[in-house]
Amino acid sequence: MAAPYLEPAPLLEVRDLRVAIGARALVDGVSLEVSAGEVVGLVGPNGAGKSTLMRAATGGRAGTGEIRVHGRALASYAKRDLFRILAVVQQLPEAPATMTVRDLVLLGRFPHLGLLGRESARDLAVVEASIVRAGCEAFADRTLGTLSGGERRRAFIARALAQEPRLLLLDEPTANLDAEAHAEILALLRRLAGESVGVLVVLHDLSYAAAYCDRMVLMHEGRLVVEGPPARVVTAEHIGAVYGRHVRVLPHPEGGAPLVVPAL
Ligand code: ADP
Ligand code: MG
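Below is a summary of the structure that appears in this document. (Residues numbered from 1 in each chain as written. Chains lettered and ligands numbered in written order. Predicted model: local features only at pLDDT ≥ 70, side-chain atom pairs only at ≥ 80, totals over all residues. Heavy atoms only, no water.)

**Observations regarding the sheet that holds strand 10 (residues 223-228)**
A sheet is described by the order of its strands in space; here 6 strands give the open sequence 6-7-8-3-9-10, paired in mixed fashion. Unpaired on one side and paired on the other, strand 6 (86-89) and strand 10 mark the two borders of the sheet. Pairs of neighbouring strands in the sheet enclose a mean axial angle of 15°, with direction left out of account. For strand 3 (residues 39-43) and strand 8 (residues 198-202), the ladder comprises 4 bridges, and the chain directions are parallel. Bridge assignment links Val 40 to a residue of strand 8, and that residue is Leu 200. Contacting strand 3, strand 9 (215-220) and strand 10, helix 9 (residues 236-243) crosses the sheet at an angle of about 30° to strand 9. (Pairing = 2+ DSSP bridges. Helix = DSSP H or I, 4+ residues; strand = E, 2+ residues; numbered from the N terminus. Axes fitted to C-alpha atoms, helices over the stretch in contact; angles between N-to-C directions. Contact = heavy atoms within 4.5 Å.)

**Examining the packing of helix 4 (residues 121-133) against helix 5 (residues 149-162)**
Packing of helix 4 against helix 5 leaves a shortest axis separation of 8 Å and a crossing angle of 140°. The angle between the axes of helix 4 and helix 5 places the two elements in the oblique class. The two elements helix 4 and helix 5 cross, and the hand of that crossing is right-handed. Here Val 126, Ser 130, Ile 131 and Arg 133 of helix 4 come into contact with helix 5, specifically with Ala 158, Leu 161 and Ala 162. (Parallel < 35°, antiparallel > 145°, perpendicular 65-115°, else oblique. Left-handed = near helix turned anticlockwise from the far one by under 90°.)

**Focus: the coordination of the magnesium ion (ligand 2)**
Of the protein atoms, only Ser 51 (OG) and Gln 91 (OE1) coordinate the magnesium ion (ligand 2), at distances of 2.0 to 2.5 Å. Of this pair, Ser 51 sits in helix 1 (residues 50-57) while Gln 91 sits in the loop between strand 6 and helix 3 (101-107), and the two are 40 residues apart along the sequence. A relative accessible area of 16% places Ser 51 in the buried class. (Donors = N, O, S within 2.8 Å, 3.2 Å for Na, K, Ca; no water. Buried < 20%, exposed > 50% of the residue type's maximum accessible area, 1.4 Å probe, protein only.)

**Regarding the nonpolar core**
Among the nonpolar cores identified, the biggest contains 49 residues, and Val 101, Ile 157, Leu 168, Leu 170, Leu 189 and Met 216 are the most heavily contacted of them. Residues in contact with Leu 170, not counting those within four places in the same chain, are Met 54, Val 89, Ile 157, Leu 189, Val 199, Leu 200, Val 201 and Val 202. (Core = buried A, V, L, I, M, F, W, Y, C linked by side-chain atoms within 4.5 Å.)

**Describing the site of ligand 1**
Taken together, Ile 21, Arg 24, Leu 26, Pro 45, Asn 46, Gly 47, Ala 48, Gly 49, Lys 50, Ser 51, Thr 52 and Arg 61 make up all the residues around ligand 1. Within the backbone of Ala 48, a nitrogen or oxygen atom sits 3.1 Å from an oxygen atom of ligand 1. Side-chain polar atom of Ser 51 to an oxygen atom of ligand 1: 2.9 Å apart, as the coordinates give it. Burial of ligand 1 by the protein amounts to 63% of the accessible area it has alone, namely 560 Å². Of all elements in the fold, only strand 2 (24-34) and helix 1 reach the threshold of two or more residues within the shell around ligand 1. A total of 3 residues in the shell around ligand 1 trace back to one element, the largest contributor, which is helix 1. Of the residues contributing to the shell around ligand 1, the split by class is 4 nonpolar, 5 polar and 3 charged. (Near = heavy atom within 4 Å. Polar contact = N/O pair within 3.5 Å; in protein donor to acceptor, adjacent residues only side chain to side chain. Areas by Shrake-Rupley, 256 points an atom, 1.4 Å probe, with all protein chains shown as cover. Nonpolar A, V, L, I, M, F, W, Y, C, P; charged D, E, K, R; others polar.)

**Overview of the sheet that holds strand 5 (residues 72-73)**
With respect to topology, 4 strands assemble into an open sheet ordered 2-1-4-5, the strand pairing being antiparallel. Both edges of this open sheet fall to strand 2 and strand 5, since each of them pairs with a single strand only. Bridge analysis of strand 4 (residues 64-69) against strand 5 gives 2 bridges, and the strand direction is antiparallel. In the strand pairing of strand 5, Val 69 is matched with Arg 72. Sitting on the sheet, helix 1 is in contact with strand 1 (12-21), strand 2 and strand 4, with an inclination near 120° to strand 1.

**What to know about the side chain of His 182**
For His 182, the location among the structural elements is in helix 6 (residues 179-194). Ignoring any residue separated from it by four or fewer positions in sequence, one finds His 182 in contact with Thr 174, Leu 177, Asp 205 and Tyr 208.

**So, the pattern of salt bridges**
Applying the stated criterion to the full structure yields 17 salt bridges. In this structure, Arg 18 and Asp 28 form a salt bridge, with 3.3 Å as the shortest nitrogen-oxygen distance. You can see Arg 18 sitting in strand 1 and its partner Asp 28 sitting in strand 2, a full 10 residues away along the chain. The partner of Glu 184 in a salt bridge is Arg 154, with the nearest N and O atoms 2.7 Å apart. In this pair, Glu 184 sits in helix 6 while Arg 154 sits in helix 5, placing the two residues 30 residues apart along the sequence. (Salt bridge = Lys/Arg side-chain N within 4 Å of Asp/Glu carboxyl O.)

**Quick word on the packing of helix 5 against helix 6**
Relative to each other, helix 5 and helix 6 sit at 5°, their axes nearing to 13 Å. As summarised for this structure, helix 5 and helix 6 are arranged roughly parallel, according to the angle between their axes. Counting all contacts with helix 5, which are made through Arg 154, Ile 157 and Leu 161, the residues of helix 6 involved are Ala 181, Glu 184, Ile 185, Leu 188 and Leu 192. Residue classes in the contact of helix 5 with helix 6 are distributed as 6 nonpolar, no polar and 2 charged.

Take a look at the structure:
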């Protein structure tokens, strides 16, 4: 008899997550899932709890509720095993200013190295490919301290790619980027999803999020307001309720994805 078809477990499952400081909940009962091959956009105003959720989902912050990565409780993973599956690009990542981009990206191979910690020819090839994919070739030999904000962002994305993750979490990877760089990073995330990576990305710009994400999760004051396809999330009603009445939602002239524009 053929084995029954089993729906693969989502790569990330967050159930009823609550993160509090004293009596104040920063994240209050949020549940979400990310599956292979999808880009999920996490949006909401400043202070909504997006970064807190991202940190909790990777073990960087304690909370209550359940977090499962690739079907297993997050807490049951050894760090090395976890970071072969999951890569994170933090909102304000830190690394020594004197480190070169190439050395930073090589750190992404760390969870894959053998016991002696020596990198193989394949590790070095993955590093070079990650540098190219993230668009860092032109400054791969420079130190982090000499980079612009956008270059620095790409360097940390390259490090995450070098981990060859199945699940990629990025916190505002497009903040302060010009329009072309913004679109390039989102296009890269779509290509990764096309290779079955699951992507959870915090985005500031609702129109870009609606254009590039398969699903969106809107948070406000620690709570999940609505989640679903962009057209369900980015409506005048939801956006008005969360961001105030100073915006309009219009259909994009190409394809109809929701566009958020200032009210006149
Ligand atoms: P977002 O990323 O959506 O802008 P954050 O998750 O960074 O929001 O923050 C959510 C709320 O939690 C904010 O009001 C922030 O000031 C507060 N917060 C985050 N970290 C701390 C902390 N360590 N101590 C006190 N308040 C915090
Ligand atoms: Mg944040």
